[in-house]
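# Results of the structural survey
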Amino acid sequence: MAQLNDLPAVEAAARKAVAETTVTDIHTHLFPPSHGELLLWGVDELLTYHYLVAELFTVAPRTLSPDDFRKLPKPRQADLVWEHVFLRHGALSEAARGVVTTLSSLGLDVGGRNLRSIREWFASQNVDEYLAKVFHLAGLDYAVMTNNPFLPAETACWKLNLPVPPCLRTALRIDSLILNWPAAAKAMKAQGYKTSARPDAAGFKAARKFLADWAARIKPLYFAASLPCEFRYPSRDLSTRLLDEVVLPAAKELNLPVALMIGVRRQVNPALGDGGDTVGIADVSAVQALCRAHGDAKFLVTMLSRVNQHELCVLGRKFGNLHLFGCWWFCNNPSIIEEMTRQRLELLGTAFTCQHSDARVLDQLIYKWSHSRKIVADVLAEKYRDLFAAGWRPGEAEVRRSARSILGGAFEEFCAK
Ligand code: RAT
Ligand code: ZN
């Protein structure tokens, strides 16, 4: 084993390992090209990402209302974001810089600020080849999609058995099952399951069958739900019964983890659509109670509020059935990624997943991963420097193993448990 004998060599090895390791992106909103318009890609989709639409309305003239904006064709919406966020206000936010990184990495002259020529380049791309190119540039083996069996637009595609490239894996999204039984029951009923708005044993049995059938069809890596900051467990809400009597029994039976993304406060400004959600401080003891009450289930957890991160990290040390992942949504900013990654390494070693992209637009994989890799490399180099100074002498392979662990290896190990 090649030992690294001085401090600069150790640091360099950590940076190289993060730069070169293949990443597994465990939560995205991508779709296979065969699912048509569900897969978003290209410069107009990049510019109209809901993070940027929300930013537009912090600087747009009062004469532009979100309703009027929504009625415009996509390229016109993109023009408005380009004009107000990028040209007039300088593109400094993480979401705006991300567009710049992405276009530059594709070899486009974003510095020239010529949106028309950038659009022409995208118009000449073939989506399948482009997908392969993006995965190559981002350095990913695969990305996990978000597949919602309660949405007809998505289920219709799965029922056609369309091809899915191996770089896209599935996750079964079940928010409405946990949070809105009447809506979930209606959707399941429309697919032939014996459910009704009344939550009862027969309906729950049908719902478990629904999950098992969809799991057999799309072979998900996990079940997933994003939950409000008010989420409590146990509680008198129906969500506790649905977790205890439907979701967790199905997950245990199939040996699938349940991913819980906790802390969103939905639609504080509904006019902004997807951009209208915000963050609230959530209750980490709900995760504690779940891990304890269901020791035979596995939980992948990320939380949205920076305030919850330390408590969650400590909890990650207490339960082998809890795996922390990602710097979610409003935490996916350099300053917070750095803090969270350092905190997690200090409390958990390498038994966590430091990031996921949450990409909604294929091309975003490029910037989300290049920005995150840079920060993760800095933190890992710092930690190896400190470890070397303390007297440990790691080899290159050991450093590479650590990098891979926090960028997908630990997730795979947890799923395989
Ligand atoms: O990050 C996002 O794009 C959010 O809108 C949500 O999709 C969130 O990640 C979720 O999965 O609920
Ligand atoms: Zn998401």
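A short tour of the structure in this document, coming up. Every value quoted in this text rests on a predicted model; they were computed, and no experiment measured them. (Residues numbered from 1 in each chain as written. Chains lettered and ligands numbered in written order. Predicted model: local features only at pLDDT ≥ 70, side-chain atom pairs only at ≥ 80, totals over all residues. Heavy atoms only, no water.)

## Here we look at the site of ligand 1
Keep this limit in mind: Being near a molecule or strand, for a residue, comes down to having at least one heavy atom within 4 Å of it. Distance and chemistry together define a polar contact, namely a pair of N or O atoms within 3.5 Å, with one atom able to donate a hydrogen and the other to accept it when in protein, and with adjacent residues in sequence counting only for side-chain atoms on both sides. Note on areas: these come from Shrake-Rupley sampling with a 1.4 Å probe, and a residue is covered only by the protein chains present in the view. Residue classes follow a fixed rule: Ala, Val, Leu, Ile, Met, Phe, Trp, Tyr, Cys and Pro count as nonpolar, while Asp, Glu, Lys and Arg count as charged, and any other residue, Gly among them, counts as polar.
Residues in close proximity to ligand 1 include His27, His29, His50, Tyr51, Arg173, Ser226, Met261, Arg266, Trp328, Trp329, Asp358 and Arg360, which together make up its full environment. The contact in question runs from an oxygen atom of ligand 1 to an N or O atom on the side chain of Trp328, over 2.9 Å. Take Arg360: an N or O atom from its side chain is 2.5 Å from an oxygen atom of ligand 1. About the coverage of ligand 1: the protein hides 97% of its 310 Å² of free accessible area. Residues of the shell around ligand 1, tallied by class, amount to four nonpolar, four polar and four charged.

## Points about the coordination of the zinc ion (ligand 2)
Reference geometry at the metal: tetrahedral coordination by four donors gives ideal angles of 109.5 degrees; octahedral coordination by six donors gives 90 or 180 degrees. For the record, the criterion: In this listing, donors mean N, O and S atoms no farther than 2.8 Å from the metal, or 3.2 Å for Na, K and Ca; water is missing from the atoms, so a site can look incomplete. Helix and strand definitions follow DSSP, with helices as H or I runs of at least four residues and strands as E runs of at least two, each counted in order from the N terminus. Only protein chains enter the area calculation, which uses a 1.4 Å probe; residues under 20% of their type maximum are buried, those over 50% are exposed, and those in between are partly exposed.
Protein coordination of the zinc ion (ligand 2) is provided by His27 (NE2), His29 (NE2) and Asp358 (OD), with donor distances spanning 2.0 to 2.1 Å. Binding-site remark: the zinc ion (ligand 2) is held by donors from one chain whose sequence spacing is H-x1-H-x328-D. In this pair, His27 sits in the loop between strand 1 (23–25) and helix 2 (43–47) while Asp358 sits in the loop between helix 16 (334–348) and helix 17 (364–390), placing the two residues 331 residues apart along the sequence. Summarising the burial analysis for this pair, His27 and Asp358 share the class buried.

## Let's talk about the nonpolar core
Just so we agree on the cut-off: To form a nonpolar core, buried Ala, Val, Leu, Ile, Met, Phe, Trp, Tyr and Cys residues must be joined to one another through side-chain atoms within 4.5 Å. Every residue pair with non-hydrogen atoms within 4.5 Å of one another is taken to be in contact.
Counting 146 residues, the largest nonpolar core has Phe86, Leu177, Phe223, Phe299 and Leu365 as the members making the most contacts within it. The dominant element in this core, judged by the number of residues it contributes, is helix 17, at 12 residues. The residues contacting Leu177, other than those within four sequence positions of it, are Phe150, Ala184, Met188, Ala207, Leu211, Leu242, Val246 and Val247.

## Examining the pattern of salt bridges
Stated precisely, the cut-off is as follows: By convention in these notes, a salt bridge is any Lys or Arg side-chain nitrogen within 4 Å of a carboxyl oxygen on Asp or Glu.
Evaluated as defined, the whole model comprises 29 salt bridges. Notably, a salt bridge pairs Glu339 with Arg306, separated by 2.7 Å at the nearest N-O pair. Remark: Arg306 occurs in the loop between strand 8 (299–303) and helix 15 (309–316) and Glu339 occurs in helix 16; sequence separation between them is 33 residues. Residue class for Glu339 comes out partly exposed when judged on its relative accessible area of 29%. Within this structure, Glu11, Arg15, Lys374, Asp378 and Arg385 form a network of salt bridges that share partners.

## A word on the environment of Lys133
Along the polypeptide, Lys133 turns up in helix 8 (residues 127–138). Between the C-alpha atoms of Lys133 and Ile366, which are 233 residues apart in sequence, the distance is 9.9 Å. If sequence neighbours within four positions are ignored, Lys133 has contacts with Leu106 and Trp121.

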